[in-house]
Amino acid sequence: MSYFLGNQGLVKNNSILTTMKTIIFIFLTLITSVSLAGQGTIIQPPGKIDMVLENQLENGRYELVMFWATYCHTCKKDFIALGEYIEDNPELSFTLVGVVVDGIDEVSKTEELVEKHKLNYAHILTDYDTANQFYTQVTDMQLMGTPSYILYDKDNKLVGVNPNSIDIEALDLFFSD
């Protein structure tokens, strides 16, 4: 079975689809310009996150989606480990995307952590229920807490789910196969 992010079948009205594509284009433009400056980007999508996240995925690259919260101490440890891993393995064509489950009112806390830990990738700020709905849709499992991860291969197919702290050795073993 192949998993793909997003479900355009939910969009019944062409004007809604056009509006969503415009919003996504604006987000991607902002992400590109901010990423080039070497800073993290915080995105606050209106409603569901699937279309925004779908547009974060790049063909030809592995994508690790990290569900995290500002109050999660394990998440903070994972930031450091993942940052070092990505920096030490540039040949992997590997991208990280954050999904912050604190709720859309927690922008300042999220910005503070993104800056403090130099999280130079996109972060989608949403609430726990919305993140759980997406996670369940993609993995057929409930989001049990943070951190949690989903991994997509170079063809944007789901190849891994981890509802715990990241195991760098297991991730390295996966990429060495």
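Residues numbered from 1 in each chain as written. Predicted model: local features only at pLDDT ≥ 70, side-chain atom pairs only at ≥ 80, totals over all residues. Heavy atoms only, no water.

A.B. asks: I'd like to hear about the side chain of D102, residue by residue, with values.
C.D. replies: With respect to the secondary-structure elements, D102 resides in the loop between β3 (94-100) and α4 (107-116). Buried charge without a salt bridge: D102, with K109 as the nearest opposite-charge side chain at an N-O distance of 6.3 Å. Of the polar contacts made by the side chain of D102, one reaches the side chain of T70; its length is 2.3 Å. If sequence neighbours within four positions are ignored, D102 has contacts with A69, T70, Y71, T110 and T126. (Helix = DSSP H or I, 4+ residues; strand = E, 2+ residues; numbered from the N terminus. Buried < 20%, exposed > 50% of the residue type's maximum accessible area, 1.4 Å probe, protein only. Lys, Arg positive; Asp, Glu negative; His and termini not counted. Salt bridge = Lys/Arg side-chain N within 4 Å of Asp/Glu carboxyl O. Polar contact = N/O pair within 3.5 Å; in protein donor to acceptor, adjacent residues only side chain to side chain. Contact = heavy atoms within 4.5 Å.)

A.B. asks: How would you sum up the layout of surface pockets? Please name residues and give values.
C.D. replies: Its volume calculated, the second largest pocket comes out at about 200 Å³. Forming the walls of the second largest pocket are 13 residues, and the residues nearest its centre are L151, G160, N162, I166 and L171. Ranked by the residues each element gives to the lining of the second largest pocket, the list is headed by strand β6 (residues 158-162), at four residues. For the lining of the second largest pocket, the residue count by class is ten nonpolar, two polar and one charged. (1 Å grid on protein atoms, 1.4 Å probe; cavity = no way out; pocket = protein on both sides within 12 Å on 5 of 7 lines; lining within 4 Å. Points joined across faces, edges and corners; volume = space filled by probe spheres on them. Nonpolar A, V, L, I, M, F, W, Y, C, P; charged D, E, K, R; others polar.)

A.B. asks: Please give an account of the state of the cysteines that cites residues and values.
C.D. replies: Counted according to the given criterion, the structure contains one disulfide. Residue C72 pairs covalently with C75 via a disulfide, S to S 2.5 Å. Negative torsions about the S-S bond denote left-handed disulfides, and the value of about 85 degrees found for C72 with C75 makes this one right-handed. Assigned by exposure class, C72 and C75 land together as buried. (Disulfide = S-S within 2.5 Å.)

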